[in-house]
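Listed below are the residues making up each chain.
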Amino acid sequence: MTNPSDHVLIFDTTLRDGEQSPGATMTHDEKLEIAEMLDEMGVDIIEAGFPIASEGDFAAVSEIAERSQNSVICGLSRANFKDIDRCAEAVRKAAKPRIHTFIGTSPLHRAIPDLTMDEMADLIHETVSHARNLVDDVQWSPMDATRTEHDYLCRVIEIAIKAGATTINIPDTVGYTAPRESADLIRMLIERVPGADEIVFATHCHNDLGMATANALAAVEAGARQIECTINGLGERAGNTALEEVVMALKVRNDIMPFQTQIDTTKIMNISRRVAQVSGFAVQYNKAIVGKNAFAHESGIHQDGMLKNPENFEIMRPEDIGLAGTSLPLGKHSGRAALKAKLNDLGFDVGDNQLKDVFVRFKELADTKKEVFDEDIVALMTDGTDDANDQLQVKSLRVIAGGEEKNTADLTMTVNGVEHKVTSEGDGPVDAAFNCVKMIFPHEARLQLYQVHAVTEGTDAQATVSVRMEENGKIVTGQSSHTDTILASVRAYVNALNNLITRREKTKPEGV
Ligand SMILES: CC(=O)SCCNC(=O)CCNC(=O)[C@H](O)C(C)(C)COP(=O)(O)OP(=O)(O)OC[C@H]1O[C@@H](n2cnc3c(N)ncnc32)[C@H](O)[C@@H]1OP(=O)(O)O
Ligand SMILES: CC(C)C(=O)C(=O)O
């Protein structure tokens, strides 16, 4: 018989098993902050640390116990009185204290303290009884349960229940089990262990084979009613079951997994970011639920589908986990629908022809950049170059720069449709390229300002170049943006010259 209750308790062990990830150590204050966030988001039980491990761990568990408002506060202890007493002392001030004690029961783990099966059974009875004399809420774990002989597992769980354990946790310590086996194990224990219906079975899965979430959910379907998990799946080796994954799976697929948690899912994103910061473990981009790309769509077909109806490509709303919304980052796979939506967002009202033109330049840019940012789009829209009616047009540019030698540029430009190719030297690549322009289009205009700034971050950022020139007291400007700074410079310069030509024509005396 499976457990008839549909409420699944969420036991978070970010501060204990999560902190055991090499390098994830958190400071005292960071632990208090994370515990407060867990408490506020509705976590039923917080495993705050391993009090015997160090003075620091003891202090953190004690202070979290004192401060917690809603959650049960739990500490871990080995199967000895010293650990259990220290743990009891640490959780003493909690409104709802829990002692969690464990010992490895599989053949491999029984060999560590070198105990016979009977000796270990006696030790379990003594230690769980001792813990139960100190607090009412005792959790016991047969470490490496999934590699423990079933008969022995049933025997020691029965002993722990009789000694007063109120929660029996079934750890898949080395991430070895698989969903069907995880469910069968819980079902077998519920059927065979006397007193199983009096306690809560918990599932504690590791992710060594990438199955922690699936194994935890399978255990719940078989009757477990407590999931042990961590924020971002932090934990020993490949980590633990990720809290955000099991909670959202139960929410999104409640039709086939009709279980409830009391987690306020809108707080997920915030705590995920904070745990990533304090642990120093960045969340991978494609991580389920909390990865940067979990609610981002770059490809045109998906973006178009998302704009028509978000349900086309999203099974949950970003707001459900506390994100402001879906993002449709623009890149080389994007299409016109997303570009138009972005232009509208940025305040540009474009007609079909202009969209067609901008789209061509956008694709050219996207081919040279990983991601096209809002600033890149603004730069594309305000770029003064590439007007088909311009008298001067840059066709190609090649520069040889660096080293001791003078820099050289080869420029091909058309003047009123006639192609010119020249080569020139200069004091730098920009100077060499500008000298080429002067050879093709000689003029007396003075360069007053030449300014470059990166529109976005990174070495593939677009550079926006602004040029100001003066001729007979008249000022003209030119602008261009490109990931190639030298090309942007030449195009800005030529843009200013085209504006100068237009200005000359407008101001020339009539009849001349
Ligand atoms: C699967 C898990 O996540 S289990 C939790 C793992 N977490 C940690 O280990 C983090 C905290 N641990 C620590 O700070 C230290 O290991 C301490 C303070 C607990 C112990 O430190 P030490 O006394 O130096 O022992 P050490 O770490 O070298 O070895 C562990 C000892 O605990 C014993 N032990 C391990 N598990 C248990 C257990 N459940 N019950 C009783 N004894 C145990 C081992 O047999 C070994 O004993 P020994 O020293 O007599 O050989
Ligand atoms: C202490 C136990 C629950 C544990 O962390 C494990 O077995 O992975």
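Keep in mind that this is a model prediction, so the values were computed, not measured.

Thresholds applied
Residue numbers restart at each chain and count upward from 1, following the sequence in its written direction. A letter from A marks each chain and a number from 1 marks each ligand, given out in the order of writing. Given that the model is predicted, a residue must reach a pLDDT of at least 70 before its local features are reported, and side-chain atom pairs must reach 80 or more before they are shown or counted; all residues, however, enter totals for whole chains, interfaces and linings. As a rule here, side-chain values cover all heavy atoms of the structure and leave hydrogens and water aside. At least two bridges found by DSSP between two strands is the condition for calling them paired. Helical segments are the DSSP runs of H or I of at least four residues, strand segments are the runs of E of at least two, and each set is numbered from the N terminus. Only the stretch in contact is used when a helix axis is fitted, and all axes are lines through C-alpha atoms; the angle between N-to-C directions ranges over 0 to 180 degrees. The cut-offs work like this: below 35 degrees is roughly parallel, past 145 is roughly antiparallel, 65 to 115 is roughly perpendicular, and the gaps in between are oblique. Helix crossings get a hand from a simple test, with the near helix turned counterclockwise from the far one by less than a right angle marking a left-handed crossing and a clockwise turn marking a right-handed one. Contact definition: two residues touch when any of their heavy atoms are within 4.5 Å. We call a residue near a molecule or strand whenever a single non-hydrogen atom of that residue lies within 4 Å of it. A 3.5 Å cut-off defines polar contacts: any pair of N or O atoms within that distance qualifies, except that in protein one atom must be a possible hydrogen donor and the other a possible acceptor, and neighbouring residues in sequence count only when both atoms are side-chain atoms. In these tables, accessible area is a Shrake-Rupley quantity obtained with a 1.4 Å probe, and a residue counts as shielded only by the protein chains included in the view. Gly is placed with the polar residues, together with every amino acid not listed as nonpolar (Ala, Val, Leu, Ile, Met, Phe, Trp, Tyr, Cys and Pro) or charged (Asp, Glu, Lys and Arg). Residue burial is assigned from relative accessible area. The probe radius is 1.4 Å, only protein chains are included, and a residue is buried under 20% of its type maximum, exposed over 50%, and partly exposed in between. We call a crossover right-handed when, viewed with both strands directed away from the observer, the connection leading from the first strand over the helix to the second proceeds clockwise. UniProt positions are given in the numbering used here, feature names are shortened, and annotations may be inferred rather than shown by experiment. In summary, the pairing rule links any two rings of Phe, Tyr or Trp, Trp by its six-membered ring, whose centres are within 6.5 Å, and it sorts them by plane angle into stacked for under 30 degrees, edge-to-face for over 60 and tilted for everything else. Look at NZ for Lys and CZ for Arg. If either is within 6 Å of the ring centre and within 35 degrees of the ring normal, a charge sits over the ring. The split into domains, and so the bounds of each, comes from an automatic or database assignment of domains. Summed over both partners, the accessible area (1.4 Å probe) lost when two parts come together is defined as the buried area. The salt bridge definition used is simple: a Lys or Arg side-chain nitrogen within 4 Å of an Asp or Glu carboxyl oxygen.

Examining the sheet that holds strand E7 (residues 200-205)
(1) Moving on: If you walk around this closed barrel you meet the 8 strands as E1-E2-E3-E4-E5-E6-E7-E8, and the pairing is parallel. Adjacent strand axes in the sheet meet at a mean angle of 25°, parallel and antiparallel pairs treated alike.
(2) Moving on: Looking at chain direction, strand E5 (residues 138-143) and strand E6 (residues 167-172) are connected through 2 bridges and run parallel. Paired with Gln139 across the bridge in E6 is Thr167.

With respect to the packing of helix H3 (residues 81-91) against helix H5 (residues 117-134)
(1) Moving on: Packing of H3 against H5 leaves a shortest axis separation of 10 Å and a crossing angle of 20°. Taken together, the axes of H3 and H5 lie roughly parallel to each other. H5 is crossed by H3, and the crossing has right-handed handedness. Taking contact as the criterion, the partners of Phe81, Ile84, Asp85 and Ala88 in H3 are, on H5, Glu126, Thr127, His130, Ala131 and Leu134.

Some thoughts on the site of ligand 2
(1) Moving on: All residues in the neighbourhood of ligand 2 are listed as Arg16, Asp17, His100, Phe102, Ser141, Met143, Asn169, Pro171, Thr173, His204 and His206.
(2) Moving on: Within the contact set of ligand 2, an oxygen atom lies 3.2 Å away from a side-chain nitrogen or oxygen of Asp17.
(3) Moving on: Protein coverage of the free-state accessible area of ligand 2, which is 260 Å², stands at 95%.
(4) Moving on: Of all elements in the fold, only strand E4 (97-104), E5 and E6 reach the threshold of two or more residues within the shell around ligand 2.

Some words on the site of ligand 1
(1) Moving on: What surrounds ligand 1 is the set Arg16, Gln20, Phe50, Ala53, Arg78, Ala79, Phe102, Ile103, Ile112, Met143 and Thr173.
(2) Moving on: Here a nitrogen atom of ligand 1 sits 2.7 Å away from a polar atom, N or O, in the main chain of Phe102.
(3) Moving on: In isolation ligand 1 exposes 1,000 Å². Once the protein is present, 50% of that is buried.
(4) Moving on: For the shell around ligand 1, the residue count by class is 7 nonpolar, 2 polar and 2 charged.

Topic: the pairing of E4
(1) Moving on: Counting buried positions over the 8 residues of E4 gives 7, a clear majority of the element.
(2) Moving on: In this structure, strand E3 (residues 72-77) lies alongside E4, joined through 5 bridges in parallel fashion. Note that in E4 the partner of Ser77 across the bridge is Thr101.
(3) Moving on: With H3 bridging E3 and its parallel neighbour E4, the resulting β-α-β unit is right-handed.

A few points about the UniProt feature "binding site: Mn(2+)" (unreviewed entry) in the protein chain
(1) Moving on: The residues that UniProt annotates with the feature "binding site: Mn(2+)" (unreviewed entry) are Asp17, His204, His206 and Asn240. A maximum C-alpha distance of 10.4 Å places the annotated residues, which cover 224 residues in sequence, within one compact spot.
(2) Moving on: Here Asp17 shows up in the loop between strand E1 (9-12) and helix H1 (28-41).
(3) Moving on: Sequence-distant contacts of Asp17, defined by excluding residues within four places in its chain, comprise His204, His206, Gly235, Glu236 and Asn240.
(4) Moving on: Turning to its location among the elements, His206 is positioned in the loop between E7 and helix H8 (212-222).
(5) Moving on: When near neighbours in sequence (up to four residues on either side) are disregarded, His206 contacts Asp17, Asp172, Thr173, Gly175, Ala212, Glu236, Arg237, Gly239 and Asn240.

Some thoughts on the packing of aromatic side chains
(1) Moving on: All told, the structure shown has 4 aromatic pairs when counted by the stated rule.
(2) Moving on: Between Phe434 and Tyr450, the aromatic rings sit 5.9 Å apart at their centres with planes inclined by 85°, giving edge-to-face as the arrangement. Here Phe434, found in helix H15 (residues 429-440), pairs with Tyr450, found in strand E12 (residues 446-454); they are 16 residues apart in sequence, far enough to count as distant.
(3) Moving on: Relative to Tyr493, the ring of Phe434 has its centre 4.2 Å away and its plane inclined at 20°; by these criteria the two rings are stacked. Here Tyr493 lies in helix H16 (residues 485-507) and Phe434 lies in helix H15, a separation of 59 residues in the sequence.
(4) Moving on: By relative accessible area, Tyr493 is classed as buried at 2%.
(5) Moving on: A connected cluster of aromatic rings, assembled from ring pairs, spans Phe434, Tyr450 and Tyr493.
(6) Moving on: We note Arg110 situated over the ring of Tyr152; from NZ or CZ to the ring centre the distance is 4.9 Å.

Here's the deal with the domain arrangement of the protein chain
(1) Moving on: Assigned domains of the protein chain: these are domain 1 (9-279), domain 2 (300-382) and domain 3 (392-507).
(2) Moving on: The C-alpha-based centres of domain 1 and domain 2 are spaced at 44 Å.
(3) Moving on: Taken together, the contact between domain 1 and domain 2 spans 8 residues of the former and 7 residues of the latter.
(4) Moving on: Between domain 1 and domain 2 the total buried area reaches about 590 Å² when both faces are included, carbon and sulfur atoms providing 72% of it.
(5) Moving on: The three residues of domain 1 that bury the most area against domain 2 are Met248, Val252 and Met269, which together make up 60% of that side's buried surface.
(6) Moving on: Our enumeration of links across domain 1 and domain 2 arrives at 0 salt bridges.
(7) Moving on: Applying the counting rule to domain 1 against domain 2 returns 3 residue pairs in polar contact (both at pLDDT 80 or more).
(8) Moving on: Looking at the side of domain 1 that touches domain 2, the elements with two or more residues in it are helix H9 (243-252) and helix H10 (268-279).
(9) Moving on: Broken down by class, the residue content of the side of domain 1 that touches domain 2 amounts to 4 nonpolar, 2 polar and 2 charged.

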